[in-house]
Amino acid sequence: MSLTGHDGVQMAKWVYAFGRGSAEGKAEMKNLLGGKGANLAEMSNLGLPVPPGFTITTEVCTHFYKNGSSYPADLKPALEAAVVRIGELAGATLGDPKRPLLVSVRSGARASMPGMMDTVLNLGLNPATAEGLAALSNNPRFAYDSYRRFIHMYSNVVLGLEHHAFEEILETEKESKGVELDTELDAADLKRVAQLYKDEVKKQLGRPFPDDVHEQLWGAIGAVFGSWQSPRAKTYRRLHNIPEDWGTAVNVQAMVFGNRGDTSATGVAFTRDPSTGERVLYGEFLVNAQGEDVVAGIRTPQPISKVVRERQKGKKPSMEEAMPAAFAELNRIAERLESHYRDMQDVEFTVQDGKLFMLQTRSGKRTAEAALKIAVDMERDGLIDKKTAVGRVEPAALDQLLHPTLDPDAPKQAIASGLAASPGAATGEVAFTADEAEKLAADGHAIILVRTETSPEDIHGMHAAKGILTARGGMTSHAAVVARGMGRPCVSGAGMIKIDAAAGTMTAGNVVIKRGEVITIDGASGQVFKGKVPMRQPELTGDFATLMSWADSIRTLKIRTNADTPHDAQTARKFGAEGIGLCRTEHMFFDAQRIIAVRQMILADDKKEREAALAKLLPMQRGDFVEIFKVMAGLPITIRLLDPPLHEFLPQKEEEIAEVAKAAGTTTAKLRARAITLHETNPMLGHRGCRLGITYPEIYEMQARAILEAALEVEGSGGKPVELEIMIPLVGFKSELDTLKTRIDAVAEAIEAERGKVPKYLIGTMIELPRAALCAGEIAETAEFFSFGTNDLTQTTLGVSRDDAGTFLTEYLAKNLIARDPFVTIDRDGVGELIRMAAERGRKTRAKLKLGICGEHGGDPDSIRFCHEARLDYVSCSPFRVPIARLSAAQAALTIGHETD
């Protein structure tokens, strides 16, 4: 931010003061002051007890990184003036041996990044000011406890020394005194520890610990700015999609001390229970301690509220019992902050000699269950309206409610990690083949299917398993996509796992897991654990239904599901799906009874043999559609005709070839020869999709007949008329679509001639090739709907195989070459531009052209936002992501709207 000086020259304002009932900033200035600084300013303006301080803006951080870790020239005088102001308000001076001012130096990005960046407390201490603090407070023990804490923290954060050397010194001192707790050391002990710490610094660095308080301050400020680029901060930003160029602010604030004795304390509190959403002041505190003690686990904190202590059967008094006056004020302030911010707050506080001080407030992190309850309760209480309530719940967090999750308090032995490919947790015995998994599951065993990678032929084993673990593959690999569709937990791309299926072992580091031994996978975090880990089962509360009904009243996008079986369809309807956006017919072919007929069709020498094999498949396929149509009860259903190349249906291993040849009534030589004929160098761009329908039209004709006859059967038995959409995959030329539409229409005419009627149907195409997007206007002359197959459209636009992308996309993300994984979130500038273009050109030709997406992006909140912006009619996603899509679509409508709405 800039200000205009007396001479009219623009001057940058780098420092904003707060404290004692007023502030130069406010809550709305989060981008400039960071979340912590903006909220400290807001609490000051509310007249709450906030120690005085100032915030160095995020713009300084940007300057710092753009200019070789240097500061703006006019920052120093502004900062020095701000330090003087703190001293005046606090009645102390930085570096004064008689009335020393001590400060904390903390980070504060605009998005909360708890624990990711650095903090320095008790800054301003040296031998002279420590003596002065001891005399001023009449509490030498407190003064030297603060001094040794400062040396330890500053040495780690600013000077880069490891904790363990200082921890060993403290432990040795406690052992020599025969005590267990830090609080049992006296002033002389702590003074000696402080000197030993300083000796350790000189020993390791070859120079003394800095006693100049101004050097200390600038060192701490530089360290906090520097921690913005620490590995843990980078990882957190990547996981939470926080832009690197946001930067962090730095907050310098007068210290208040929770370690001055039994009338002092420090703690953290939530205005509601962050796990359940219950309206109770929830948190922990420690008497005679500083902030880091609460999170470090050195001492066990005590509950804030009496009711929580009683539930936990705690023996030590709660803050409500030990410090009733401070608790009462904290409770009053908590209620005021929640009412002011209209959201559950997470606050940090210190009690110094019985007086309460507020050090931070922010919107509190919460579970999905708590988020739903808090949003619904606050709407009922009149604090927020329905639209605000819908915007308060993180869509992705709903996964917690739809799948079992690991008990966070249970002991665990992590042995590996990969990608969190499909949420939920599962425990089971390890099986290395799909057949093995299916057999064991049929015998009542809980199974985790462990594969190097999965293929469509593993579908029966995946369905039988409780969870899936693969060593290779990304978020949109076969394993991940199928697992999400089935609602199975999945960890994919766990590259550190070595699988030897022949030997029946998987090795993760030094741990060897044998066939039949138990592991647990967490599809929400991507972790793999040895043995069984206790679970928490999901519970859908009334709050879930209430919030979803509000979301449905707001959104304009329809939500469909990707479903290939009646069970998938039923699951999706339970979660609120309004139709099927993708029914993949090939998944029906992998059933053990059908695969023989499919292979006979592939091995056929001529059209007559092929049609004979297809005749066996027709009643099976028709039966599948009948069941799905019944479940969907008149809702729209988009059915994709056969898409994958035929070689995927043939066996690969020698022992399987002999078995299949026998079942298909042919020779192994013929089977091998056919496999060689069908082999392709790049099958993803090969003989698949509509190209199969062009060369083997009888396949698509059989499928069209099965679909149309199934619709007639359902309607004839009293079911609702089926809203049919027949989709031709991988169209690049209008001529392909014209040819196949003619074939399908001919089948429909034949059925009408045979039965006297035919169901209504639309014919459309999947836009998954750049050429199709570019020529959408022409293709829309024939196509009555477009469904954007964003998985393949991303592959063909980027020239990247999604199954191989994991080997380098991680590096691209780490080096900020791309902001998001394009297979998880739509690449707006590339793939997104093609979608916009195709939508615009298609609707110019056919005004009422129906548009949707059916790739994995259909369940990604950011991609759903894009679909709303692009004015698509619907998104389609796996059944267990339907609630996420419903909520995401509502939030997109709230934040974007449409000019014509």
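Worth saying up front: this structure is predicted, and the values here are computed from it rather than measured.

So, how was this worked out
- Residues numbered from 1 in each chain as written.
- Predicted model: local features only at pLDDT ≥ 70, side-chain atom pairs only at ≥ 80, totals over all residues.
- Heavy atoms only, no water.
- Buried < 20%, exposed > 50% of the residue type's maximum accessible area, 1.4 Å probe, protein only.
- Helix = DSSP H or I, 4+ residues; strand = E, 2+ residues; numbered from the N terminus.
- Pairing = 2+ DSSP bridges.
- Core = buried A, V, L, I, M, F, W, Y, C linked by side-chain atoms within 4.5 Å.
- Contact = heavy atoms within 4.5 Å.
- Lys, Arg positive; Asp, Glu negative; His and termini not counted.
- Salt bridge = Lys/Arg side-chain N within 4 Å of Asp/Glu carboxyl O.
- Polar contact = N/O pair within 3.5 Å; in protein donor to acceptor, adjacent residues only side chain to side chain.
- Expected span 1.5 Å × (residues − 1).
- Patch = residues over 30% accessible without salt bridge, like charges linked within 9 Å, V, L, I, M, F, W, Y side chains within 5 Å.
- Areas by Shrake-Rupley, 256 points an atom, 1.4 Å probe, with all protein chains shown as cover.
- Charge placed at Lys NZ, Arg CZ, Asp CG, Glu CD.
- Phe/Tyr/Trp six-rings, centres within 6.5 Å; stacked < 30°, edge-to-face > 60°.
- Lys NZ or Arg CZ within 6 Å of the ring centre and 35° of its normal.

1. Comments concerning the pairing of strand 23 (residues 511-514)
Turning to step 1, where the next piece is worked out: Side chains of strand 23 alternate between two faces, with Val-511 and Ile-513 buried and Val-512 and Lys-514 left unburied.
Turning to step 2, where the next piece is worked out: As judged from the four bridges shared by strand 22 (residues 505-508) and strand 23, these two strands associate in the antiparallel manner. Bridging from a neighbouring strand, Thr-505 pairs with Lys-514 of strand 23.
Turning to step 3, where the next piece is worked out: Two successive antiparallel strands, strand 22 and strand 23, enclose a turn made up of two residues, where Gly-509 displays a positive phi of approximately 65°.

2. Examining the nonpolar core
Turning to step 1, where the next piece is worked out: Phe-625, Phe-629, Ile-728, Phe-786, Phe-788 and Leu-872 are the most contacted members of the largest nonpolar core, which has 116 residues in total.
Turning to step 2, where the next piece is worked out: Take this core: its biggest share by element is 11 residues, from helix 27 (residues 697-716).
Turning to step 3, where the next piece is worked out: Setting aside chain neighbours within four positions, we find Phe-625 in contact with Cys-583, Thr-585, Met-588, Ile-639, Gln-703, Ala-706, Ile-707 and Ala-710.
Turning to step 4, where the next piece is worked out: Counting 68 residues, the second-largest nonpolar core is a separate cluster that includes Val-15, Leu-79, Ala-111 and Met-116.

3. Notes on the side chain of Arg-488
Turning to step 1, where the next piece is worked out: Tracing the backbone through its elements, the reader meets Arg-488 in the loop between helix 19 (478-486) and strand 20 (490-492).
Turning to step 2, where the next piece is worked out: This buried residue, Arg-488, is left without a salt bridge; Asp-568 holds the nearest opposite charge, at 6.9 Å.
Turning to step 3, where the next piece is worked out: Within the structure, Arg-488 has its side chain in polar contact with the backbone oxygen of His-463 (distance 2.6 Å).
Turning to step 4, where the next piece is worked out: Only 2.9 Å separates the side chain of Arg-488 from the backbone oxygen of Ala-465, close enough to count as a polar contact.
Turning to step 5, where the next piece is worked out: Setting aside residues no more than four positions away along its own chain, Arg-488 makes contact with Ser-422, Pro-423, Met-462, His-463, Ala-465, Lys-466, Ile-468 and Ala-483.

4. Notes on helix 7 (residues 187-205)
Turning to step 1, where the next piece is worked out: In a regular helix each residue adds 1.5 Å, so 19 residues correspond to 27 Å; helix 7 covers 27 Å between its end C-alpha atoms and thus fits that length.
Turning to step 2, where the next piece is worked out: Those residues of helix 7 hidden inside the fold are in contact with helix 4 (127-137), helix 5 (140-157) and helix 6 (163-177).
Turning to step 3, where the next piece is worked out: With a side-chain oxygen lying 3.2 Å from the backbone nitrogen of Ala-188, the N-terminal cap of helix 7 falls on Asp-186.
Turning to step 4, where the next piece is worked out: Gly-206 sits one or two residues past helix 7 and shows a positive phi near 75°.

5. Considerations on a negative patch on the surface
Turning to step 1, where the next piece is worked out: Together, Asp-435, Glu-438, Asp-591, Glu-655 and Glu-659 make up a region of like negative charge exposed at the surface.
Turning to step 2, where the next piece is worked out: Mapped onto the negative patch, the elements with two or more residues apiece are helix 17 (434-442) and helix 24 (654-664).
Turning to step 3, where the next piece is worked out: Locating Asp-435 in the fold gives a position in helix 17.
Turning to step 4, where the next piece is worked out: Under the relative-accessibility criterion, Asp-435 is labelled exposed at 52%.

6. Description of the sheet that holds strand 7 (residues 119-123)
Turning to step 1, where the next piece is worked out: One open sheet holds the six strands; their spatial order is 4-3-5-8-6-7, and the pairing between them is antiparallel. Each edge of the open sheet is held by one strand with a lone partner, namely strand 4 (22-23) and strand 7.
Turning to step 2, where the next piece is worked out: In this sheet, strand 5 (residues 53-56) lies alongside strand 3 (residues 15-19) in antiparallel orientation, the contact comprising four bridges. Its bridge partner lying in strand 5, Ala-17 is registered against Phe-54.

7. Some details on the environment of Phe-54
Turning to step 1, where the next piece is worked out: If you trace the backbone, Phe-54 turns up in strand 5.
Turning to step 2, where the next piece is worked out: Among the residues examined, Phe-54 registers a relative accessible area of 0% and is labelled buried.
Turning to step 3, where the next piece is worked out: Taking the C-alpha atoms as reference points, Phe-54 and Val-15, separated by 39 residues in sequence, lie 6.5 Å from one another.
Turning to step 4, where the next piece is worked out: The residues touching Phe-54, leaving out its near neighbours within four places in the chain, are Val-15, Tyr-16, Ala-17, Phe-18, Leu-79, Ala-82, Val-83, Ile-86, Val-250, Asn-251 and Val-252.

8. Some remarks on the packing of aromatic side chains
Turning to step 1, where the next piece is worked out: By the definition in use, this model includes 15 aromatic pairs.
Turning to step 2, where the next piece is worked out: When the centroid spacing of 5.1 Å and the interplanar angle of 90° are considered together, the rings of Phe-166 and Tyr-197 count as edge-to-face. Pair noted here: Phe-166 is in helix 6 and Tyr-197 is in helix 7, with a separation of 31 residues, a long-range link.
Turning to step 3, where the next piece is worked out: Since its relative accessible area comes to 0%, Phe-166 is described here as buried.
Turning to step 4, where the next piece is worked out: Tyr-197 gets classed as buried once you look at its relative accessible area, which sits at 1%.
Turning to step 5, where the next piece is worked out: Put simply, the rings of Phe-64, Tyr-65, Tyr-71, Trp-218 and Phe-225 touch in pairs and so form one group of aromatic residues.
Turning to step 6, where the next piece is worked out: Sitting over the ring of Tyr-16, Lys-13 keeps its end group 4.7 Å from the ring centre.
Turning to step 7, where the next piece is worked out: The ring of Phe-357 carries Lys-355 above its face, with NZ or CZ at 5.2 Å from the centroid.

9. Focus on the pattern of salt bridges
Turning to step 1, where the next piece is worked out: Here the structure, examined in full by the defined rule, presents 62 salt bridges.
Turning to step 2, where the next piece is worked out: Of the charged contacts, one joins Glu-321 and Arg-309 as a salt bridge, the two residues approaching to 2.8 Å between their closest N and O atoms. Taken together, the residues Glu-321 in helix 12 (residues 319-322) and Arg-309 in helix 11 (residues 306-312) connect sequence positions 12 residues apart.
Turning to step 3, where the next piece is worked out: Across the pair Glu-701 and Arg-743 runs a salt bridge whose closest N-O atoms are separated by 2.8 Å. Pair noted here: Glu-701 is in helix 27 and Arg-743 is in helix 28 (residues 734-755), with a separation of 42 residues, a long-range link.
Turning to step 4, where the next piece is worked out: Linked through salt bridges whose partners overlap, the residues forming this network are Asp-145, Arg-148, Arg-149, Glu-171, Lys-174 and Asp-182.

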